[in-house]
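In case you want the letters, here they are:
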Amino acid sequence: MELTIYLAGEIHSNWREQLKSMAKELPWQLNFVGPMENHERSDQIGEEILGEQPAPIFKDDAASAMNNLRTEVLLQKSDLVIALFGEQYKQWNTAMDASAAITMHKPLILIRPEKLHHALKELSRKASVTVETPGQALKAISYIFEEN
């Protein structure tokens with residue numbers, strides 16, 4: 001068995017690479033997908049595809065359409081979603097992706113520090129599992145593969 005896992009969360013730190021590195025140590029087949037991590041590309045993709053837009057708000061709308069398309073397709077093809085909420089950055093996209101996963105009935109592992117417990121309490125109750133570290137998320141995934 002193998003799993004495709006969507007990694008939702010901020011793109012400004014290397015948490016995905018850390019998680020993927022830890023996952024390489026596991027005997028399970030885990031495939032990872034996620035949002036466009038190149039922030040400049042993410043912001044420019046709408047104009048790259050649709051052409052120059054008449055104002056910044058339209059540029060943002062065009063990029064959002066392309067990024068939402070990518071997210072929807074990859075979320076639908078995923079078996080599981082991990083959504084990391086860090087302490088440093090605003091997490092609007094993470095909240096949107098986690099909510100979309102719940103709506104799609106995708107199992108969701110929410111990673112959030114204890115400091116964000118109160119702010120994320122409702123989302124945490126909707127998640128399949130809430131943990132505090134990427135390592136704990138991988139341990140939860142490993143449990144899926146355990147035999148009786």
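To keep things clear, this report deals only with the structure shown in the data block. Just so it is clear, the structure is predicted and the values come from calculations on it, not from any experiment.

## Describing the overall build of the chain
Next up, step 1: Along its length, the chain carries six helices and five strands.
Next up, step 2: Each helix and strand of the chain, placed in order from N terminus to C terminus, yields the pattern β-α-β-α-α-β-α-β-α-β-α.
Next up, step 3: For the chain, whose C-alpha radius of gyration is 16 Å, the value lies close to the compact-globule estimate of 15 Å for 148 residues.
Next up, step 4: Structurally, the chain occupies a C-alpha span of about 60 × 35 × 25 Å along its principal axes.
Next up, step 5: When the 148 residues of the chain are sorted by exposure, 39% land in the buried category.
Next up, step 6: Surface exposure of the chain reaches about 9200 Å², of which carbon and sulfur atoms provide 51%.
Next up, step 7: In the chain, which carries 15 positive and 21 negative side-chain charges, the distance between the mean positions of the two groups comes to 4 Å.

## Thoughts on the pattern of salt bridges
Side chains that differ in sign of charge can pair as their charged atoms come close.
Next up, step 1: Using the criterion set out here, one finds four salt bridges in the structure.
Next up, step 2: For the salt bridge of Arg-16 with Glu-37, the shortest nitrogen-to-oxygen distance reads 4.0 Å. Note that Arg-16 is positioned in helix 1 (residues 15–23) and Glu-37 in the loop between strand 2 (29–33) and helix 2 (39–50), a separation of 21 residues in sequence.
Next up, step 3: The class of Glu-37 is partly exposed, set by a relative accessible area of 35%.
Next up, step 4: Of the charged contacts, one joins Lys-20 and Glu-17 as a salt bridge, the two residues approaching to 3.7 Å between their closest N and O atoms. Here Glu-17 and Lys-20 lie together in helix 1, a separation of three residues that amounts to about one turn.

## Brief notes about the packing of aromatic side chains
Working definition: an aromatic ring pair is given by the centre-to-centre distance plus the angle between the planes.
Next up, step 1: Per the stated rule, a full pass over the model turns up one aromatic pair.
Next up, step 2: Look at Trp-28 and Phe-145: their rings are 4.7 Å apart centre to centre, the planes differ by 5°, and that puts the pair in the stacked class. Separated by 117 residues along the polypeptide, Trp-28 in the loop between helix 1 and strand 2 and Phe-145 in helix 6 (residues 134–145) bring together distant segments of the chain.

## Notes on the nonpolar core
Next up, step 1: Membership of the largest hydrophobic core comes to 18 residues, with the highest contact counts inside it found for Ile-5, Leu-30, Ile-82 and Ile-141.
Next up, step 2: Those elements that place two or more of their residues in this core are strand 1 (2–9), helix 1, strand 2, strand 3 (80–84), strand 4 (108–111) and helix 6.
Next up, step 3: Tallying contributions element by element places helix 6 first for this core, with four residues.
Next up, step 4: Not counting residues within four places of it along the chain, the set of residues in contact with Ile-141 comprises Leu-3, Ile-5, Leu-30, Leu-80, Ile-82 and Ile-109.
Next up, step 5: Core analysis: the next-biggest nonpolar cluster, separate from the first, contains 14 residues, Tyr-6, Phe-85, Ala-101 and Leu-123 among them.

## Digging into the sheet that holds strand 3
Next up, step 1: One open sheet holds the five strands; their spatial order is 2-1-3-4-5, and the pairing between them is parallel. The open sheet is flanked by strand 2 and strand 5 (129–131), the only strands paired with a single partner. Here the average twist between neighbouring strands, direction ignored, is 25°.
Next up, step 2: Of the strands in this sheet, strand 1, strand 2 and strand 3 touch helix 3 (residues 56–77), which is tilted by about 145° from strand 1.
Next up, step 3: Packing of helix 6 onto the sheet brings it into contact with strand 1, strand 2, strand 3, strand 4 and strand 5, and relative to strand 4 it is tilted by some 160°.

## Considerations on the environment of Leu-19
Next up, step 1: Within the secondary structure layout, Leu-19 lies in helix 1.
Next up, step 2: Separated by 12 residues in the primary sequence, Leu-19 and Leu-7 place their C-alpha atoms 9.5 Å from one another.
Next up, step 3: With sequence-adjacent residues up to four places away left out, Leu-19 is seen in contact with Leu-7, Phe-32, Ile-82, Pro-134 and Leu-138.

Conventions and cut-offs
- Residues numbered from 1 in each chain as written.
- Predicted model: local features only at pLDDT ≥ 70, side-chain atom pairs only at ≥ 80, totals over all residues.
- Heavy atoms only, no water.
- Helix = DSSP H or I, 4+ residues; strand = E, 2+ residues; numbered from the N terminus.
- Rg over C-alpha atoms; globule rule 2.2 N^0.38 Å.
- Buried < 20%, exposed > 50% of the residue type's maximum accessible area, 1.4 Å probe, protein only.
- Areas by Shrake-Rupley, 256 points an atom, 1.4 Å probe, with all protein chains shown as cover.
- Lys, Arg positive; Asp, Glu negative; His and termini not counted.
- Charge placed at Lys NZ, Arg CZ, Asp CG, Glu CD.
- Salt bridge = Lys/Arg side-chain N within 4 Å of Asp/Glu carboxyl O.
- Phe/Tyr/Trp six-rings, centres within 6.5 Å; stacked < 30°, edge-to-face > 60°.
- Core = buried A, V, L, I, M, F, W, Y, C linked by side-chain atoms within 4.5 Å.
- Contact = heavy atoms within 4.5 Å.
- Pairing = 2+ DSSP bridges.
- Axes fitted to C-alpha atoms, helices over the stretch in contact; angles between N-to-C directions.

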